[in-house]
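Residue strings, one per chain:
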Amino acid sequence: MAQKPGIPKGTRDFNPEQVAKRNYIFNTIQHQFELYGFQSIETPSFENSETLMGKYGDEGDRLIFKILNSGDYLSKVDNNLYSKKDSNAITSKISEKALRYDLTVPFARYVVQHQNEIEFPFKRYQMQPVWRADRPQKGRFREFYQCDADVVGSTSLWQEVEFVQLYDAVFTALKLEGVTIKINNRKILSGIAEVIGASDKLIDFTVALDKLDKIGEEKVKEEMLEKGISKEGIEKLQPLFTLSGSFNSQIEQLKAILSTSEEGNKGIEELEFIDKAITELGLQTATLQLDVTLARGLNYYTGAIFEVSAPETVKMGSIGGGGRYDDLTGIFGLKDVSGVGISFGLDRIYLVLEELNLFPETVSKNIDLLFINFGETEALFCLKAIKQLRLNSINAELYPDAAKMKKQMNHANKRNIPFVVLVGDEELESESYTLKNMTTGEQFKLSLKELILKFQ
RNA sequence: GUGGUUGUAGCUCAGCUGGUUAGAGCAUUGGUUUGUGGUACCAAGGGUCGCGGGUUCGAAUCCCGUCUUCCACCCCA
């Protein structure tokens, strides 16, 4: 035997059962998206490099899969550049396309490109694979699916409120109870940075703050010092490290910290609005939690920031994220179109449902009837019946070969087919069908009409 | 990108400090059983020990490289 074929690391094959389970998640999410008024679009799996590059920060650029130009791609690189062996400089010469890294940036590109055809506010959802040249680990792949819902063309905070409800609706429909929807606001982070005199170090400051629950207060302070944030500034942060209690009481504490920051106050107002509405409307199974350490997608989020964590019993990174971006389309030349959206990580949700055993038993569809093949005459007779069954929406098939009974029966068992039909000489003569229940072993002789009636 | 970990039959794994022809269970195929399956028993097929190089009289076993797996960091869904 030659060496076995394989697939690139971080990618996966899906067997029929896995596909059925994935489709169950897809369908559940899609159903809720549509209930909330979102419409589906699709974009190409690869975009022009300039559409993607620079939109996700340096780290993001590194993780984008670049597609090599076709043809004699090296001939365009001048010798001087080539001899320097500067990968970054050469990349733009030999690669002009790249695999999509997420669904948000391509959507922004779509909105700008089709701005005159779109009726705003535009609510779209998109469920497609994205690719990242990351190193795989638990719940992290190089090809995975995102399910995004975004609204563009409205600055209304009611959108944020609806997205919180949508998260709750989807996870409730998936029977995944006890997820936490964490919410924060970019304006609060900016406000804090402003108050401690580190406005220019917002990203460094938030990246460090984000690690609070992971590495602890001391290490976070160390990292901030390293990044050049003043000692006095860090001292002002002290209340932040011990921030606790209900949504409301955290808000009160934040108000004290941010009293001098106009932007910070704006962020507080927004959070209060959302919390008040959600409290009034109620959530089914999820919990909305204020988390000031939450810092995601800072390269484009300007208002609300969302992240969803699985129930604490499961060790898994976030299973969803999102936020408000006031100026994403600005990058592509369209000003003043605000957007807000959320994303579901299908592959991670799959792992969580699997771990908690939450998939319904019936996710995979099976055929009801397998006709045993006894030979040419019998097979043709069976196919006539099968045709009628299928016209009546009954799943049925004929075993393709006139193999030994044992083999055919075994095949039915392996595939968990509940019934087989036997048609031999005797049945041919009487134009009847022997139906055998593979679980109980019972069998009955039926006419085609009776057979159809039984399975309809 | 950094650090660690893993790789033996289709699958799950044994194989002690290097020593004849590398094993088991499950799965597969055939038989006991020509139109009645699941169970049982019997038998058979299937492996360049991830790949490449090195040390050695001798390597699945030790060393180096490489790829892969999983995990942590970075970052993220």
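Residues numbered from 1 in each chain as written. Chains lettered and ligands numbered in written order. Predicted model: local features only at pLDDT ≥ 70, side-chain atom pairs only at ≥ 80, totals over all residues. Heavy atoms only, no water.

Once that is clear, we can look at unusual backbone geometry. Note the cis peptide between F120 and P121, where omega equals -5 degrees. Along the polypeptide, P121 turns up in the loop between α6 (104–113) and β5 (122–131). Even without glycine at this site, D336 takes up a positive phi of about 60 degrees. In this fold, D336 is placed in the loop between β10 (320–325) and β11 (339–345). The phi angle at N357 is positive, at roughly 60 degrees, despite the residue not being glycine. As for its placement among the helices and strands, N357 is situated in the loop between α15 (346–355) and β12 (369–371). (Helix = DSSP H or I, 4+ residues; strand = E, 2+ residues; numbered from the N terminus.)

Let's shift gears to the sheet that holds strand β9 (residues 304–309). Taken together, 8 strands build an open sheet; the order of strands is β1-β5-β6-β11-β10-β9-β7-β8 and the sheet is mixed. Two strands lie at the open edges of the sheet, namely β1 (39–40) and β8 (287–290), each paired on one side alone. Two strands pair when backbone bridges link them, and β1 and β5 are joined in this way by 2 bridges, in the parallel orientation. Looking across to β5, one finds that Q39 is bridged to R124. (Pairing = 2+ DSSP bridges.)

What follows deals with the packing of helix α13 (residues 247–257) against helix α14 (residues 262–281). It is at 11 Å that the axes of α13 and α14 come closest, and there the two elements cross at 170 degrees. Taken together, the axes of α13 and α14 are roughly antiparallel relative to one another. Across from F247, N248, I251, E252, L254 and K255 in α13, the residues of α14 making contact are I268, L271, E272 and D275. Its residues placed into classes, the contact of α13 with α14 shows 5 nonpolar, 1 polar and 4 charged. (Axes fitted to C-alpha atoms, helices over the stretch in contact; angles between N-to-C directions. Parallel < 35°, antiparallel > 145°, perpendicular 65-115°, else oblique. Contact = heavy atoms within 4.5 Å. Nonpolar A, V, L, I, M, F, W, Y, C, P; charged D, E, K, R; others polar.)

Attention now moves to the pattern of salt bridges. Tallied over the entire structure, the rule returns 19 salt bridges. With a shortest N-O distance of 3.0 Å, K221 and E217 are connected by a salt bridge. Of the two residues, K221 and E217 both sit in helix α10 (residues 212–226), 4 residues apart, roughly one turn of that helix. You can call K221 buried: its relative accessible area is 17%. The exposure class of E217 is partly exposed, given its relative accessible area of 24%. The partner of K445 in a salt bridge is E426, with the nearest N and O atoms 2.7 Å apart. Of this pair, K445 sits in strand β16 (residues 443–446) while E426 sits in helix α18 (residues 425–430), and the two are 19 residues apart along the sequence. (Salt bridge = Lys/Arg side-chain N within 4 Å of Asp/Glu carboxyl O. Buried < 20%, exposed > 50% of the residue type's maximum accessible area, 1.4 Å probe, protein only.)

Domain assignment breaks chain A into domain 1 (10–174 + 310–352), domain 2 (177–294) and domain 3 (369–454). Taking the mean C-alpha position of each, domain 1 and domain 3 sit 48 Å from one another. (Domains from an automatic or database assignment.)

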